[in-house]
Amino acid sequence: MSRVARFHADRTNQKLYFARLSCQQAEQTDNIQQVQAHREAAVFHLHGAVLAFLQELVRYYRLNDFMPTLKSIEDNMAEKGQVSPEVTVMQQLSKQGFIAELKRAYRMCQYAPEPSAPEPENETSSNLIIKVTQTPQAWLPDTKILRDWHRDLTQLIDGFRNEMVEF
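The structure displayed is predicted, hence computed values, not measured ones. (Residues numbered from 1 in each chain as written. Predicted model: local features only at pLDDT ≥ 70, side-chain atom pairs only at ≥ 80, totals over all residues. Heavy atoms only, no water.)

When its secondary structure is counted, the chain shows 7 helices and 2 strands. Listed N to C, the secondary structure of the chain is α-α-α-α-α-α-β-β-α in terms of helices and strands. Within the chain, the fraction of its 167 residues that count as buried is 39%. In the chain, the share of contacts with a sequence separation of at least 24, taken over all contacts with a separation of at least 6, comes to 67%. Here the chain has roughly 10,700 Å² of accessible surface; of this, 52% comes from carbon and sulfur atoms. (Helix = DSSP H or I, 4+ residues; strand = E, 2+ residues; numbered from the N terminus. Buried < 20%, exposed > 50% of the residue type's maximum accessible area, 1.4 Å probe, protein only. Contact = heavy atoms within 4.5 Å. Areas by Shrake-Rupley, 256 points an atom, 1.4 Å probe, with all protein chains shown as cover.)

Here it is in structure tokens:
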């Protein structure tokens with residue numbers, strides 16, 4: 001049995017695959033609403049891949065944690081007198097890095113963004129003209145960013161898996 005199968009990596013791999021498919025579909029359609037749907041789906045799947053990898057870590061370290069977070073894994077490892085290098089790296093990336101950006105995009109997908117108040121232009125134009133500077137999807141990452149996050153997350157997870165050895 002391969003190491004990947006042993007630690008139930010199939011769900012993480014599946015979420016990464018779905019994110020890649022969502023990016024492809026977003027690039028292949030011209031309908032703006034479908035593009036938004038596919039880009040949001042990519043965000044959801046990338047976020048799900050992070051959560052699925054946390055479950056892999058719980059299984060690898062033989063922790064009893066059914067809804068793992070970086071903090072809960074860190075606390076469970078500390079109780080055993082151990083430190084997870086994967087959690088340390090992921091915590092840093094969650095503060096400053098692509099995981100922090102992914103988490104922000106995920107939160108934005110959950111809630112309607114605050115509408116910006118349109119303001120009339122200055123006196124040189126008619127007060128009837130309203131300048132709108134933000135599109136409804138301005139907060140949503142474009143497919144290039146989503147593909148970068150996918151690549152970074154895949155490389156991060158693959159690197160962690162290569163370093164995992166049975167203890």
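Let us look at the pattern of salt bridges. When the charged atoms of two side chains with opposite charge come close together, those side chains can pair. Scanning the entire structure with this criterion turns up 8 salt bridges. The shortest N-O distance in the salt bridge between Lys71 and Glu74 comes to 3.9 Å. In this pair, Lys71 and Glu74 both sit in helix 4 (residues 70-79), 3 residues apart, roughly one turn of the helix. Between Asp75 and Lys71 there is a salt bridge, and its shortest N-O distance comes to 3.1 Å. (Salt bridge = Lys/Arg side-chain N within 4 Å of Asp/Glu carboxyl O.)

The subject of this paragraph is the packing of helix 3 (residues 32-60) against helix 6 (residues 98-110). Two elements in contact, helix 3 and helix 6, have axes whose closest approach is 9 Å; the angle formed by their N-to-C orientations is 125 degrees. Compared by their axis directions, helix 3 and helix 6 come out oblique. Seen from above, helix 3 lies across helix 6 with left-handed handedness. Counting all contacts with helix 3, which are made through Glu40, Val43, Phe44, Leu46, His47 and Val50, the residues of helix 6 involved are Leu102, Ala105, Tyr106, Cys109 and Gln110. A class-by-class count of the residues in the contact of helix 3 with helix 6 yields 8 nonpolar, 2 polar and 1 charged. (Axes fitted to C-alpha atoms, helices over the stretch in contact; angles between N-to-C directions. Parallel < 35°, antiparallel > 145°, perpendicular 65-115°, else oblique. Left-handed = near helix turned anticlockwise from the far one by under 90°. Nonpolar A, V, L, I, M, F, W, Y, C, P; charged D, E, K, R; others polar.)

The pLDDT averaged across the chain works out to 86; a share of 78% of its residues lies at or above 70. The model gives residues 129-134 a pLDDT under 50, and that stretch makes 9 contacts with residues more than four places away or in other chains. (pLDDT = per-residue confidence, 0-100.)

The residue Phe98 is located in helix 6 in this model. Along the chain, Phe98 and Leu146 lie 48 residues apart, while their C-alpha atoms are 9.9 Å from each other. Sequence-distant contacts of Phe98, that is, excluding residues within four places in its chain, are made with Leu93, Trp149, Asp152, Leu153 and Leu156.

Positioned with a positive phi, Arg62 is a non-glycine residue whose angle comes to about 55 degrees. Classification of Arg62 as partly exposed rests on a relative accessible area of 48%.

This part is about helix 5 (residues 85-95). Glu86, Val87, Met90, Gln91, Leu93 and Ser94 are the residues of helix 5 that are buried. Projected onto a plane normal to the axis of helix 5, the buried residues spread over an arc of 165 degrees and lie on a single side. Facing away from the buried side of helix 5, by more than 90 degrees, are the exposed residues Gln92 and Lys95. Downstream of helix 5 by one or two residues, Gly97 has phi in the positive range, about 155 degrees. (Arc of directions from axis to C-beta.)

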